[in-house]
Amino acid sequence: MQQKMSLEKLRVNLIIILILISSVPLVLFAIVVYRKEADLVRKKVLSHLKSIVAQNSLMVDEFRLERMRDLSLLAATIEAHGGECDRIHLKLMHKDRTIYKHIFFADKEGRIRCKTGKGHLFERGLVNQAWFKAAAKGKPFMGELTSREGKDRYDLLLSVPVRMANGTTIGVAGAIVDFDNIASIMKNTGIGQTGEIYILNKDGVFLTSTQVEEGRSGERMEPELFAGYFKEVGPNEYIDYRGKKVVRVFKKLSDSNWYLVGEQDATEVFKDVANLRNLFAGFVVLLIALITLIGYLISRKIVHLLKSAYEQKKELEIQVIQKDKLASMGLLTAGIAHELNTPLASALLYTQMLKEDARSTWPVALEKLSSIEGEIKRGSKIVKNLLDFSRQSQTDTVTTDVNEVLGKLLDISEQLCSDRGIEIKRTFEKKLPLVKGNANILHQVFMNIVANAVDAMEKGGTLSVLTRHIASLHKTVIEIQDTGTGIPEELLGDVFDPFFTTKPSGEGTGLGLAISYSMVRKMGGNIRATSTCATENSYPYQPTGTTFTIELPALDDDTQSTVKERMVKTQ
Ligand SMILES: Nc1ncnc2c1ncn2[C@@H]1O[C@H](COP(=O)(O)OP(=O)(O)OP(=O)(O)O)[C@@H](O)[C@H]1O
Ligand SMILES: [Mg+2]
């Protein structure tokens, strides 16, 4: 039981070790490959985002340049009109370019000389404003301006100086464009459903609308968020106002303090990476399951091998114990038998003499004397058996044809068997090699076993005798099988013990198998018994019976032929 438990534990341990040995590198390998792949996907996504941001910033630059060109043209027409506003040109420009909210011309003193678009343009004090000052000094200006339509909206303000041919600046031409016109030329195609493109100023104000939640144009980014905006969480990643991780790429637009930002939710960006991770995890789980199965099969095989080795060892131990028992019994019985032999022989002789005398003088005592004679003979038989049991010399290496010995024995037993309704089946291997062993002793061994088999089949049955040669093991195997009552499992280990008998007293000595065992072992062979016996749980007609398997060392081919040659010569 304990051995079974420890083998079970060994099996579990083997499986665990196998799983660990193979899974750890597998998992590591999967992690490394996954990381590499994930990195590649990340890089690909980022470079895609970068190229979209670069394209958009080019488009925005181009847009701003065009507006500057428009204003320069306006400035040129004012100059051509000798410093007066060309209203037709102004109106045409406003009509043609629907993007302009206002186009205007202010003189050096900051008075609006002409304008397009509805509503007031500026409060007073134009001359103090940065864009006006810059253009008045001869420098084109581009910047953002709080929209008058809503205080959270911003417009793009452009201004250029208006100069006369002699180079003197006579005023400023300016234009106001809604930032959403810039937003409309930016394209976020190719950056998924959560992709966004917008312009942010240096204070974290959204100059263009975002797609999310009806746009955030004019809104200022939460200060704590903006504080970390340019400090990256990971490479190009930050946590946005929704608490979501966002991958973004930004580019500072030329000649401005504006940033063009392209971003996409990390979950969408890394959807493929997540799929890849799931695929890898599935693959690894599958492989581990496969390894577990292989581990289970291998460990089962190993445990099976160990089990059979253990059983062989146990059998060997039993044989050693049996040998020891027999050896000590041998010494004891040899002494007893020797001491008993002489008085029994004398008692038999005197009884027989007494019987002769009594035949004529005391006939009534004749029957009792015959009984005494019978008992003494039985006693002598026991002593003879005991002597056989302890005898060492009879097993001198001689060669025997097992088929022949068995054949003769079965021929003699034929009559007795048929009287008891026992059928004999012989299955002899034809070219059975000779075995090392004395024919008389083998005859006695086989006879003991056959006699037991006949005793076990009181109601008739089948006695099967089989011989075969196992060349690989140099063994001849004899199987003597009966369909008798069988031996209960708990007694199977005792049948080779001297004096173990289940027969009524006076019928069996319990020495037959003990002697046979001792003889066979001395010949270098082995003898085993297996048996099926009716139990409480067995079916009513379940077959029962016992098989004795005797293994004897067979002669190898060379010795075989020399023996045969010798036999031919002596004939
Ligand atoms: N073929 C068998 N079928 C059932 N039981 C058997 C068989 N062979 C042996 N036994 C059991 O083993 C016991 C021991 O057998 P063993 O031949 O040593 O002694 P025995 O037959 O009782 O006496 P003896 O052989 O000296 O007459 C038997 O008493 C019997 O119980
Ligand atoms: Mg017997």
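Here's what I pulled together on the structure shown here. Note that the coordinates shown come from a computational prediction; the quantities given were computed from them, not determined experimentally.

## Structural notes on the site of ligand 1
Then comes step 1: Close contacts around ligand 1 come from 19 residues, with N452, T501, T502, K503 and T509 the closest.
Then comes step 2: K503 has a polar side-chain atom sitting 2.5 Å from an oxygen atom of ligand 1.
Then comes step 3: Within the side chain of T509, a nitrogen or oxygen atom sits 2.4 Å from an oxygen atom of ligand 1.
Then comes step 4: In the complex, the protein chains occlude 89% of the 590 Å² of accessible area that ligand 1 would expose alone.
Then comes step 5: Elements that contribute at least two residues to the shell around ligand 1 include exactly α10 (439–456), α12 (512–522) and β16 (545–553).
Then comes step 6: Counting residues per element, the shell around ligand 1 draws most heavily on α10, at 3 residues.

## Section: the nonpolar core
Then comes step 1: By size, the foremost hydrophobic cluster in this structure holds 54 residues, and its most contacted members are L74, L156, L158, I199, W258 and L260.
Then comes step 2: If you tally residues by element for this core, the top one is helix α1 (residues 2–80), at 16 residues.
Then comes step 3: The contact partners of L74, leaving out residues within four places of it in the chain, are H89, L90, M93, I103, F104 and A173.
Then comes step 4: Core analysis: the next-biggest nonpolar cluster, separate from the first, contains 44 residues, L386, V435, V445 and I515 among them.

## So, the state of the cysteines
Then comes step 1: One pass over the full model with this rule turns up 1 disulfide.
Then comes step 2: Across the disulfide from C85 sits C114; the S-S distance is 1.5 Å. Here the S-S torsion is close to 45°, and the disulfide linking C85 with C114 is therefore right-handed. Here C114 lies in strand β2 (residues 112–115) and C85 lies in the loop between α1 and α2 (87–96), a separation of 29 residues in the sequence. Each member of the pair, C85 as well as C114, carries the same accessibility label: buried.

Rules behind the numbers
Residues numbered from 1 in each chain as written. Chains lettered and ligands numbered in written order. Predicted model: local features only at pLDDT ≥ 70, side-chain atom pairs only at ≥ 80, totals over all residues. Heavy atoms only, no water. Near = heavy atom within 4 Å. Polar contact = N/O pair within 3.5 Å; in protein donor to acceptor, adjacent residues only side chain to side chain. Areas by Shrake-Rupley, 256 points an atom, 1.4 Å probe, with all protein chains shown as cover. Helix = DSSP H or I, 4+ residues; strand = E, 2+ residues; numbered from the N terminus. Core = buried A, V, L, I, M, F, W, Y, C linked by side-chain atoms within 4.5 Å. Buried < 20%, exposed > 50% of the residue type's maximum accessible area, 1.4 Å probe, protein only. Contact = heavy atoms within 4.5 Å. Disulfide = S-S within 2.5 Å.

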